Amino acid sequence: MNWYQIKNEAAVPSPAILLFPDRIAANIRQMIAIAGDPARLRPHVKTHKLPHVIRMQVDAGITRFKCATLSEALMVAENGGTDILIAYPLYGPAMEQLFLLIRKYPEIRFSVLADNMPQIATMESLAQSNGLALDVFLDLDVGMERTGIPPGPEALNLYRYVANSDWLRARGLHIYDGHLNIPDPQQRKGACDYAFQPVNELIYMMLELAGTTPGELVCGGTPTFPIHAGYPERTLSPGTVLLWDWGYSTKFADLPFQHAAVLFTRVVSKPGKNKLCLDLGHKAVGSEMPPPRVHLLDIPAYEHIAHSEEHLVIAFDGADRFAAGDTIYGIPMHICPTMALHDFVWAVSEQVATEKWYLTARTREIKDVGV
């Protein structure tokens, strides 16, 4: 049997995600080896959203994490994380809910991002009204043009304001360079170092002009974290490395991680010669990118015919060898949104799907956070 196949196919409904804990553990070890020390890591949890994977990382010595939602933050808090950065702008009711988390878990250090003065003023007011000081990372835009403020005098003024506040604590800088998805590792390094130059200038201004320490530098994502690892003062925040997907494995051949998440699908119909219809619709595999959205391990090359909510129709020579009901395995092109489509995954041990792992952080709302 191939490594991704399971012996109890008949017991597993499709579509489903199969996770391989031994491969996740190997990816954790590889991530730590690149970082040099688990203390340098602040992995992103948005890829997996699973308590089991948090506990695997905590057991490996990783205690700091980055997340995108309050639900993810709650999951980390409940499973051994001690330092949690919510790396997404919080507005509206989310800010008050954050203080519920801070009050419930006083031993855990929660931090948020900020990139503008009105947001910072709101945080300061809520921190004062709740009687709880709030840790803040300044979010820097180094070319992604999504969130953050460009490094420069305005950013320095915002950071100084936070550092001098009675109710806010300046934790450091958040530098995400997700736009640097360059396949060639040397070119990627050059672009990464170039994008970081304004950050170095800002740090110089902090130290020399403002007498302010830059604090923790949370840097990069999966493609660039090995580059940032070469600078010992930086914290590293990869995420996709834990499960790996086909998109990253083909684009970044220099990154030595294993596929640990597999889509399990069945042929549900044969709509014509050399055509198969799979139960792998938009609701089962991340579909934000152009097709192909899954690499089918049993079918090296196929033509994408149609993709809808519940169906994926493909065509290839030799499709007639498959019958309705046959199982097929695949690696998603993008694992992060794919995981978010499933309530649970199947953990595989010795090629048997033995246990359901529920994605407790799949929802955005946090409930039952009473103190």
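Scroll up to find the structure this text is about.
None of these values were measured; they are calculated from a predicted model. In this numbering scheme, every chain counts its residues from 1 along its sequence in written order. Two thresholds apply to this predicted model, a pLDDT of at least 70 for residue-level local features and 80 or more for giving and counting side-chain atom pairs, whereas whole-chain, interface and lining totals are computed over all residues. Only hydrogens and water are removed before side-chain values are computed, so all heavy atoms of the structure are retained for them.

Draft legend 1. Quick look at the nonpolar core. With 104 residues, the main nonpolar core has Leu 19, Leu 98, Phe 110, Leu 134 and Leu 173 as its most contacted residues. When residues of this core are assigned to their parent elements, the largest contribution, 9 residues, is made by helix H7 (residues 185-210). Contact definition: two residues touch when any of their heavy atoms are within 4.5 Å. Not counting chain neighbours up to four residues away, the residues in contact with Leu 173 comprise Phe 137, Leu 138, Leu 140, Tyr 159, Val 199, Leu 202, Ile 203, Met 206, Pro 214, Glu 216, Leu 217 and Val 218. Side-chain atoms within 4.5 Å link the members of a nonpolar core, which is a set of buried Ala, Val, Leu, Ile, Met, Phe, Trp, Tyr and Cys residues. Only protein chains enter the area calculation, which uses a 1.4 Å probe; residues under 20% of their type maximum are buried, those over 50% are exposed, and those in between are partly exposed. With 13 residues, the next largest nonpolar core counts Val 12, Phe 20, Tyr 329 and Val 348 among its residues. Strands here are runs of E lasting at least two residues and helices are runs of H or I lasting at least four, both read from the DSSP assignment and numbered beginning at the N terminus.

Draft legend 2. Examining the environment of Arg 321 more closely. Considering the arrangement of structural elements, one finds Arg 321 in the loop between strand S13 (312-315) and strand S14 (327-332). For the pair Arg 321 and Arg 160, spaced 161 residues apart in sequence, the C-alpha separation works out to 67 Å. Among all residues touching Arg 321, those that are not within four sequence positions of it are Asp 298 and Asp 326. The term polar contact refers here to a pair of N or O atoms within 3.5 Å; inside protein, the definition further demands a hydrogen-donor-capable atom paired with an acceptor-capable atom, and it admits residues adjacent in sequence only when both atoms are side-chain atoms. A polar side-chain atom of Arg 321 sits 3.2 Å from the main-chain carbonyl oxygen of Asp 298.

Draft legend 3. Quick peek at the packing of aromatic side chains. Geometry of aromatic contacts follows a simple scheme: Phe, Tyr and Trp rings, the Trp one being its six-membered ring, pair when their centres are within 6.5 Å, and the pair is stacked under 30 degrees between planes, edge-to-face over 60, tilted otherwise. What the rule picks out here adds up to 11 aromatic pairs. When the ring of Phe 316 is compared with that of Phe 322, the centres are 6.0 Å apart and the planes differ by 80°; the resulting orientation is edge-to-face. For Phe 322, a relative accessible area of 7% translates into the label buried. Centre to centre, the rings of Phe 344 and Trp 346 are 6.1 Å apart; their planes meet at 75°, and the pair counts as edge-to-face. Taken together, the ring pairs connect Trp 3, Tyr 4, Phe 20, Phe 264 and Tyr 329 into an aromatic cluster.

Draft legend 4. Representation of the pattern of salt bridges. Salt bridge, as used here: a side-chain nitrogen of Lys or Arg that lies within 4 Å of a carboxyl oxygen of Asp or Glu. Taken as a whole and judged by the stated rule, the model has 16 salt bridges. With its nearest N and O atoms 3.9 Å apart, the salt bridge here joins Arg 171 to Asp 135. Here Asp 135 lies in strand S5 (residues 134-141) and Arg 171 lies in strand S6 (residues 168-176), a separation of 36 residues in the sequence. With relative accessibility at 9%, the residue Arg 171 sits in the buried group.

Draft legend 5. Here's a closer look at the packing of helix H5 (residues 117-130) against helix H6 (residues 153-164). Where H5 contacts H6, the axes come no closer than 11 Å and their chain directions differ by 10°. On the basis of the axis angle, H5 is roughly parallel to H6. Across the interface between the two elements, Met 117, Ile 120 and Glu 124 from H5 touch Leu 158, Tyr 161 and Val 162 from H6. The class makeup of the residues in the contact of H5 with H6 is 5 nonpolar, no polar and 1 charged. As a rule, the C-alpha atoms of each element are fitted with a line to give its axis, helices using only the stretch in contact, and angles between N-to-C directions run from 0 to 180 degrees. In what follows, roughly perpendicular refers to angles from 65 to 115 degrees, roughly parallel to angles under 35, roughly antiparallel to angles over 145, and oblique to any angle outside these ranges. When residues are grouped by polarity, Ala, Val, Leu, Ile, Met, Phe, Trp, Tyr, Cys and Pro land in nonpolar, Asp, Glu, Lys and Arg in charged, and all others, Gly among them, in polar.

Draft legend 6. Quick peek at the environment of Glu 310. Within the secondary structure, Glu 310 is located in the loop between strand S12 (303-307) and S13. Residue class for Glu 310 comes out partly exposed when judged on its relative accessible area of 43%. For Glu 310 and Val 294, which are 16 residues apart along the polypeptide, the C-alpha to C-alpha distance reads 15 Å. Setting aside chain neighbours within four positions, we find Glu 310 in contact with Leu 278, Asp 279, Leu 280, Gly 281 and Lys 283. Among the polar contacts made by the side chain of Glu 310, one reaches the side chain of Lys 283 at a distance of 3.0 Å.

Read these as spatial facts, not as claims about activity.
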